[in-house]
Amino acid sequence: MSAEAAVRERIDSAASTVGLVWPLHSFVTANPLSGFEDVPFHQAVREAAARFDGRGYPDSATFGRALADGRIDPAVLRRELERHGYDGDPDTSLSRLSAESVGRSSGSATDQEPVNTLLTKWLAAFLEQETAHWPMPNRERGFYAAFRSVARYDREIPDRTRIAGLPDEPVAAIERVLSGVPESRWESVFEHHLTALPGWTGLIRHRASGGGDWQSAHPVTLTGYLAVRLALVDLLDTPVEPDVTDTEGSGVEVPLAEVWLTAWERSYRRELVDEVAAAGRESAETGDRERPDAQLVFCIDTRSEIIRRHIEATGSYETHGYAGFFGVPMRYQPYDSGVTVDACPPILDAQHRVTDRPTGATPEQGRHDTWSNVLDAGADIVESLQSNAATAFSFVESAGVGYGVALAARTLLPARVYDLLESTDGRIPDDHEFCEPLLDHDPDTDHALPAGLTLGERVEYAATAFDLMGWEQFGRVVVFAGHASQTTNNPFDASLDCGACAGNPGGPSARVLAAICNDRTVKEHLRERGFEIPADTVFVAGQHNTTTDEVELYAGAVPESHEADIEQLRADLEQARAGAAAERAGDMGAGLDAGVRETERRAADWAETRPEWGLAGNAAFVVGPRSLTADLDLDGRSFLHSYDWSTDPDGAALEAIVTGPMVVTQWINSQYYFATVDPAVYGSGSKVTHNPVGNVGVYQGNGGDLMTGLPVQSLQSGTDEPYHQPLRLSTVIHAPVERVTDILADHDGVTELLENNWLSLTVVDPQQDHRSFRFDGDLSWVDSSEREPPTDQGPTASPSTSAVDD
């Protein structure tokens, strides 16, 4: 290995502790401590605290409220305390927890403030995406080269004339600065500087590893970033090496806070598992189901649980949960847009390029094009008037009254503004009214991905969907409903869209799967594979607005024979919307009489810091048939993935769920957890002081590091009043325990997450009278179906053991 390659390898290794950060326009809720998932949770918290100065556990006040409110079972807490050698009295323990220091360390980060101030200015200039009228020159040459070419004119940099003498290559620049540091310490130096600005480092890691149009046009690498940083360190004469106090400490004792956290999680999980197991026993006694009037497939997102309950209550409807990208990893390009988005989870790479194409010259397309051209031209004129030195002041004077009226209306009458915008939007046909996704396969394109899908791929994606959900019958209407949010003046709007679509709306993915399933040839192949799809089954796409709970059906092309079915379904969806919106508005403190109108106001109010709760409250992932949860009010806290163990004899479908959606939901849960316990470090603080930068992130104030997580308004109902209960994910799977064991044995990465306590796993075994077994490490299980074990009885490796503590 060459010396240059060795340096790059050390840099990549040093950066591994910094979690990936997605740009704001496609915000992905990822685990900020993903770089530590190979160690136990409490060790990861300790090591991350040393690097980022962040807290990893709820404070004593949060635990105290949970105990007082009954969310922590005192008996469970006492057992956990005694098991780990702590005093079993909750009050004594809580007092000790309160006395323990939760303050931040005073490391050497302040020594790097002058470097950070200069560096973040140049990073913002280089990484911005279509927000600057005068973009930074020479960006096509890469960050290091662009910095060398223009930073010599920055008067804030002392002795800036030396920048012209920097080496041409970034590795050489790094080696020059570190010439006096032994190579054995280089990696610790790299990590020290890469973790100084984890937000910017995470964004660069994501962009460099993911490629894409922006990376191709304006490349940036960790090596180039580090070369610029170390050059500034040298120019500003700040410390190159970390202070000796920059260590994570030692010790293997489980912290008292983790014991409390575990007790809280087990108290919550015990109730959930008991309800699921009881429902499993009852459903085993029921006979065959009648054919439903319609089946609706929603994303596994926790917000879907609420609307699904209300839809099922309106009629003979069956709902299912499936990952919101509907199993098709695609790069999607909307009609009349040059921008593409990867509509798939971050753990997958897009495999297909799908574009929207008009179905023909239609009046809808004509009206859409006319309105779009008028609006685009108007926006261009306004921008020109605002930015032109000769017209800017006169434009403000002449247009001020109009802007003032609009501002007053948006501020004082947001619900009326919603009506106006909806009326205007109704005049402009949406893409789905005159377009269809282009699925024809064409491997010979000018793009990195082949266009469309082959017939075999289409059949496989459809079959996989029905396999994973365990489908054996089909209604006259089958709806694939993606989801998206509706907010105003919200930089974090992508965080409320579909996480499985990488922070994008899920409607396009639903349209693709519906088009695939409506293809006659695909249906014939599916029948050959055992899926008996009736001739009268029609597949329809739709999109669930998670802010207002409106479910829009893209059913313009349904045959006349199904128009009555669609009209009835639309009426019932409106009824379900009213109930779900009232429930959701009540959760946001709007009162019992609030409903659809309140959610519409929140969607249009540009002063609304909390248009919806998003996935706040998430705590569980339930994998099994809908019969397990249909009669339960899970309070919008559970991800729900449909699965039927009896239709999956080889466990292939369950394996896909465990290695895919379960990992993604753990990432989402971890983001909400850490952003709640430390909003300043792992979240993004308050929206009130946010400053969006370059369409890639937000600052707190006027500069500094990019904030990497969710704002407090998405997590707290008031000052120091968490709405989101910070619990690690509890996964419950309805399947034979031996089948789950075999899957875990083949996937060390998933098993490592479980053994390191990043999430828990409980299996409700339908072959053992729906007894429940909790994963206990080393592919062993603890029977958690019984209560109150002897305090000195430990777990055993057999799934049939009766030792419990959950």
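Above this note sits the structure.
Now for a look at the structure at hand. All figures in this text were calculated on a predicted structure; none of them were measured in a lab.

1. Some words on the overall build of the chain
Argument step 1. A tally of regular secondary structure across the chain gives 26 helices and 19 strands.
Argument step 2. Burial statistics for the chain: of 806 residues in total, 54% are counted as buried.
Argument step 3. Long-range contacts, defined here as pairs at least 24 residues apart, represent 71% of the contacts in the chain between residues at least 6 apart.
Argument step 4. Element-wise, carbon and sulfur atoms account for 49% of the exposed surface of the chain, whose accessible area totals about 33,800 Å².

2. Topic: the sheet that holds strand 3 (residues 330-333)
Argument step 1. Read from one edge to the other, the open sheet built from four strands follows the order 4-3-5-6, with strand pairing classed as mixed. Both edges of this open sheet fall to strand 4 (341-343) and strand 6 (435-437), since each of them pairs with a single strand only. On average, each strand axis in the sheet is tilted by 30° relative to the strand beside it, whichever way the strands run.
Argument step 2. Pairing of strand 3 with strand 5 (residues 352-358) involves four bridges; the strand directions are parallel. Across the sheet, Met 330 pairs through a bridge with His 352, a residue of strand 5.

3. A closer look at the environment of Phe 531
Argument step 1. Tracing the sequence through the fold places Phe 531 in the loop between helix 20 (520-528) and strand 8 (538-545).
Argument step 2. When its relative accessible area of 7% is taken as the criterion, Phe 531 is described as buried.
Argument step 3. As for Phe 531 and Ala 463, which are separated by 68 residues in sequence, their C-alpha atoms are 8.1 Å apart.

4. With respect to a negative patch on the surface
Argument step 1. On the surface, Asp 38, Glu 738, Asp 742, Asp 746, Asp 748, Glu 752, Glu 755 and Asp 778 cluster together to form a negatively charged patch.
Argument step 2. Of all the secondary structure elements, the ones that give two or more residues to the negative patch are helix 25 (737-745) and helix 26 (748-755).
Argument step 3. It is helix 26 that contributes the most residues to the negative patch, three residues altogether.
Argument step 4. Within the secondary structure, Glu 752 sits in helix 26.
Argument step 5. When its relative accessible area of 34% is taken as the criterion, Glu 752 is described as partly exposed.

5. Looking at the sheet that holds strand 9 (residues 551-554)
Argument step 1. The mixed open sheet is built from five strands, whose spatial order is 2-1-7-8-9. Since the sheet does not close on itself, it has two edges, and those belong to strand 2 (317-322) and strand 9, each with one partner. Taken pair by pair, the neighbouring strands of this sheet meet at an average axis angle of 25°, ignoring direction.
Argument step 2. The sheet contact formed by strand 7 (residues 477-484) and strand 8 spans eight bridges and is parallel.

6. Points about the packing of aromatic side chains
Argument step 1. For the coordinates displayed, the defined rule picks out 28 aromatic pairs.
Argument step 2. For the ring pair Phe 63 and Trp 260, a centre distance of 5.8 Å and an interplane angle of 45° mean the geometry is tilted. Here Trp 260 lies in helix 13 (residues 256-283) and Phe 63 lies in helix 3 (residues 60-68), a separation of 197 residues in the sequence.
Argument step 3. With a centroid separation of 6.4 Å and 75° between ring planes, the pair formed by Phe 474 and Phe 539 is classed as edge-to-face. Taken together, the residues span a long stretch of sequence, with Phe 474 in the loop between helix 18 (455-469) and strand 7 and Phe 539 in strand 8 at a distance of 65 residues.
Argument step 4. We classify Phe 474 as buried; its relative accessible area is 3%.

7. Regarding the nonpolar core
Argument step 1. Formed by 134 residues in total, the largest nonpolar core has its most connected members in Trp 260, Phe 466 and Phe 480.
Argument step 2. Excluding anything up to four places from it in sequence, Phe 466 contacts Trp 471, Phe 474, Phe 480, Cys 517, Leu 526, Phe 531 and Phe 539.
Argument step 3. Grouped together as the second largest cluster of nonpolar side chains are 53 residues, Leu 118, Phe 143, Ile 204 and Val 693 included.

8. What about the pairing of strand 1 (residues 294-299)?
It is a general feature of regular strands that their side chains alternate between the two faces of the sheet.
Argument step 1. Judged by how many residues are buried, strand 1 sits mostly within the fold: six of six residues are covered.
Argument step 2. Inspection of the sheet shows strand 1 paired to strand 7 by five bridges, in the parallel sense. The residue of strand 7 that forms the bridge with Leu 296 is Val 479.
Argument step 3. For the segment spanning strand 1, helix 14 (residues 302-312) and strand 2, crossover handedness is right-handed.

9. A few points about the state of the cysteines
Argument step 1. What the rule picks out here adds up to zero disulfides.
Argument step 2. No disulfide involves Cys 344; its sulfur sits 8.4 Å from that of Cys 501, the nearest cysteine.

10. Focus: the packing of helix 1 (residues 3-15) against helix 9 (residues 186-194)
Argument step 1. Running from N to C, helix 1 and helix 9 point in directions that differ by 50°, and their axes come no closer than 8 Å. In terms of orientation, helix 1 lies oblique with respect to helix 9. Where helix 1 crosses over helix 9, the two elements pack in a sense that is right-handed. Taken together, the residues of helix 9 that come into contact with helix 1 (itself represented by Val 7, Arg 10, Ile 11, Ser 13, Ala 14 and Ala 15) are Trp 186, Glu 187, Phe 190, Glu 191 and Leu 194.
Argument step 2. Its residues assigned to classes, the contact of helix 1 with helix 9 shows seven nonpolar, one polar and three charged.

Calculation criteria
- Residues numbered from 1 in each chain as written.
- Predicted model: local features only at pLDDT ≥ 70, side-chain atom pairs only at ≥ 80, totals over all residues.
- Heavy atoms only, no water.
- Helix = DSSP H or I, 4+ residues; strand = E, 2+ residues; numbered from the N terminus.
- Buried < 20%, exposed > 50% of the residue type's maximum accessible area, 1.4 Å probe, protein only.
- Contact = heavy atoms within 4.5 Å.
- Areas by Shrake-Rupley, 256 points an atom, 1.4 Å probe, with all protein chains shown as cover.
- Pairing = 2+ DSSP bridges.
- Axes fitted to C-alpha atoms, helices over the stretch in contact; angles between N-to-C directions.
- Patch = residues over 30% accessible without salt bridge, like charges linked within 9 Å, V, L, I, M, F, W, Y side chains within 5 Å.
- Salt bridge = Lys/Arg side-chain N within 4 Å of Asp/Glu carboxyl O.
- Lys, Arg positive; Asp, Glu negative; His and termini not counted.
- Charge placed at Lys NZ, Arg CZ, Asp CG, Glu CD.
- Phe/Tyr/Trp six-rings, centres within 6.5 Å; stacked < 30°, edge-to-face > 60°.
- Core = buried A, V, L, I, M, F, W, Y, C linked by side-chain atoms within 4.5 Å.
- Right-handed = clockwise from strand over helix to strand, strands pointing away.
- Disulfide = S-S within 2.5 Å.
- Parallel < 35°, antiparallel > 145°, perpendicular 65-115°, else oblique.
- Left-handed = near helix turned anticlockwise from the far one by under 90°.
- Nonpolar A, V, L, I, M, F, W, Y, C, P; charged D, E, K, R; others polar.

Nothing here speaks to function; it is geometry throughout.
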